[in-house]
Amino acid sequence: YADNSYEVTDTSEASAHGMHVSGIIAGNGSIGDAEPALGRIDGVAPNAQLLAMKIFGNKIHTGAQDVDLIRAIEDSVKLGADIINMSLGSPNGLNDPSDGVGKAIAKAREAGVLVVVAAGNSGLNTALNGDTQDALGVWDDGSLGSPASMTGSFAVASVANGKFTARTMSFGDTTLPFMEMSEDFREQDLSLVAVGQGTEEDVEEVGEDALRGKVAVVKRGEIDFQDKWDILNEARVAGMIIYNSEDEPGRLPAYSVSSGPHFTGAMRNEDGVRLVQAIKDAGGELNVHVSATPITIPNPDALTPSSFTSWGPTPTLDFKPQIAGIGGNVYSSINRNAYVTMSGTSMASPNVAGTAALLYQNLRALSGAERAHA
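First, a word on what this report is: a plain description of the structure on this page. (Residues numbered from 1 in each chain as written. Predicted model: local features only at pLDDT ≥ 70, side-chain atom pairs only at ≥ 80, totals over all residues. Heavy atoms only, no water.)

1. Re the sheet that holds strand β8 (residues 239-243)
Taking strand neighbours around the barrel as the criterion, the seven strands line up as β4-β5-β9-β8-β7-β6-β10 in a closed arrangement whose pairing is mixed. Geometrically, the sheet is characterised by an average inter-axis angle of 40° between neighbouring strands, direction not taken into account. Bridge analysis of strand β5 (residues 174-180) against strand β9 (residues 263-267) gives two bridges, and the strand direction is antiparallel. The residue bridging Met 179 from the neighbouring strand is Ala 266, located in β9. Seen against the sheet, helix α6 (residues 225-234) touches β7 (215-219) and β8 and runs at an angle of roughly 145° to β8. (Pairing = 2+ DSSP bridges. Helix = DSSP H or I, 4+ residues; strand = E, 2+ residues; numbered from the N terminus. Axes fitted to C-alpha atoms, helices over the stretch in contact; angles between N-to-C directions. Contact = heavy atoms within 4.5 Å.)

Printed below as a string of structure tokens:
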């Protein structure tokens, strides 16, 4: 829709967002396998048929336009969609009865189509992360996104996954788990350097010459994740691994930075401390091998509300969101035959959409009397 073409793949975006969402709904990587491998994911509804209605352009990068959203919703209804998933939105949404997208969603619901929409990732003023003030420093309860705020939308908040899908890095006799954040992740050898918390002072202390071409290991805190990356990127590092602070034991830091092709990863505090000590013992630089074989480690926050998730009510006191799905640390497909972990209500929404597809399928298999009782 955005480019007026039949190209549905994200060819120029840094993030294969749509592919990740699609895998959560309908991935079928282990279909036919007697023993499904961890690295070959299945979605919630592996046999679901997908309509790829691309409203974020490869040529135009100004976000999704209302006219494209409306066209895609209308065409989805015409083509017989049972469910529309919308992993998109803008913060601080209103329930505006005159909004064109809201009207299209309402018409889709009248036609019997369930419209599942991500609630947004702006938190709330009672969220644990505290990152919920707007630019003027005002606390805002109305953080739910639009079009999740519209009457016809089935708005989805996020809860944390039960496990982390992680990789491993090894050196000597030691193997440590970490979560890859890079979309071009592959098995490789890396040279690591510890850089404190990644501040300008920390970089100056280590020296840019020692950092060039290396992966910086930094502790969470002091400055924002993106600021850490911007500072380290100036030193021409090959990537960054952030390990969590000691006040969050067992937890991996969830972050997103515009790292492009560089290596990015996250580690628990206890693993990061061991890694930094190993770097010091090695004289300031440590060579490690990272494996592409995935493993799982337990998540201490399993099924609790994600710190980033938006939730209601709307400014007009509508009850939102209606449901929550698993959106924290979700492992799914991306382009170029690869997989990565992402977090967001964008991941929670397809979790619910896939579940709804299974529900629809089950209801249709019932007799009329059974369906009425269900």
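Next, the rest of the story.
2. Side note on the packing of helix α2 (residues 66-78) against helix α3 (residues 100-110)
Here α2 crosses α3 at 5°, and the two axes come no closer than 9 Å. One element, α2, and the other, α3, form an angle in the roughly parallel class. Of α3, the residues touching α2 (which contributes Asp 66, Leu 69, Ile 70, Ile 73 and Val 77) are Gly 100, Val 101, Ala 104, Ile 105 and Ala 108. Looking at the contact of α2 with α3 residue by residue, the classes come out as eight nonpolar, one polar and one charged. (Parallel < 35°, antiparallel > 145°, perpendicular 65-115°, else oblique. Nonpolar A, V, L, I, M, F, W, Y, C, P; charged D, E, K, R; others polar.)

3. Remarks on the packing of aromatic side chains
By the definition in use, this model includes two aromatic pairs. With a centroid separation of 6.0 Å and 45° between ring planes, the pair formed by Phe 178 and Phe 263 is classed as tilted. Of this pair, Phe 178 sits in strand β5 while Phe 263 sits in strand β9, and the two are 85 residues apart along the sequence. Phe 263 matches Phe 178 in its accessibility class, with the two residues each being buried. Taking 5.8 Å as the distance between ring centres and 20° as the angle between the ring planes, the aromatic pair formed by Tyr 331 and Tyr 339 counts as stacked. Its relative accessible area of 24% is what places Tyr 339 among the partly exposed residues. (Phe/Tyr/Trp six-rings, centres within 6.5 Å; stacked < 30°, edge-to-face > 60°. Buried < 20%, exposed > 50% of the residue type's maximum accessible area, 1.4 Å probe, protein only.)

4. A word on the pattern of salt bridges
Where side chains of opposite charge bring their charged atoms close, a pairing between them can arise. Scanning the model with the defined rule gives 10 salt bridges in all. Across the pair Arg 212 and Asp 209 runs a salt bridge, and its minimum N-O distance is 3.2 Å. The exposure class assigned to Asp 209 is exposed, which follows from its relative accessible area of 66%. Across the pair Asp 271 and Arg 268 runs a salt bridge, and its minimum N-O distance is 2.8 Å. By relative accessible area, which is 5% here, Asp 271 ends up buried. For Arg 268, a relative accessible area of 15% gives the class buried. (Salt bridge = Lys/Arg side-chain N within 4 Å of Asp/Glu carboxyl O.)

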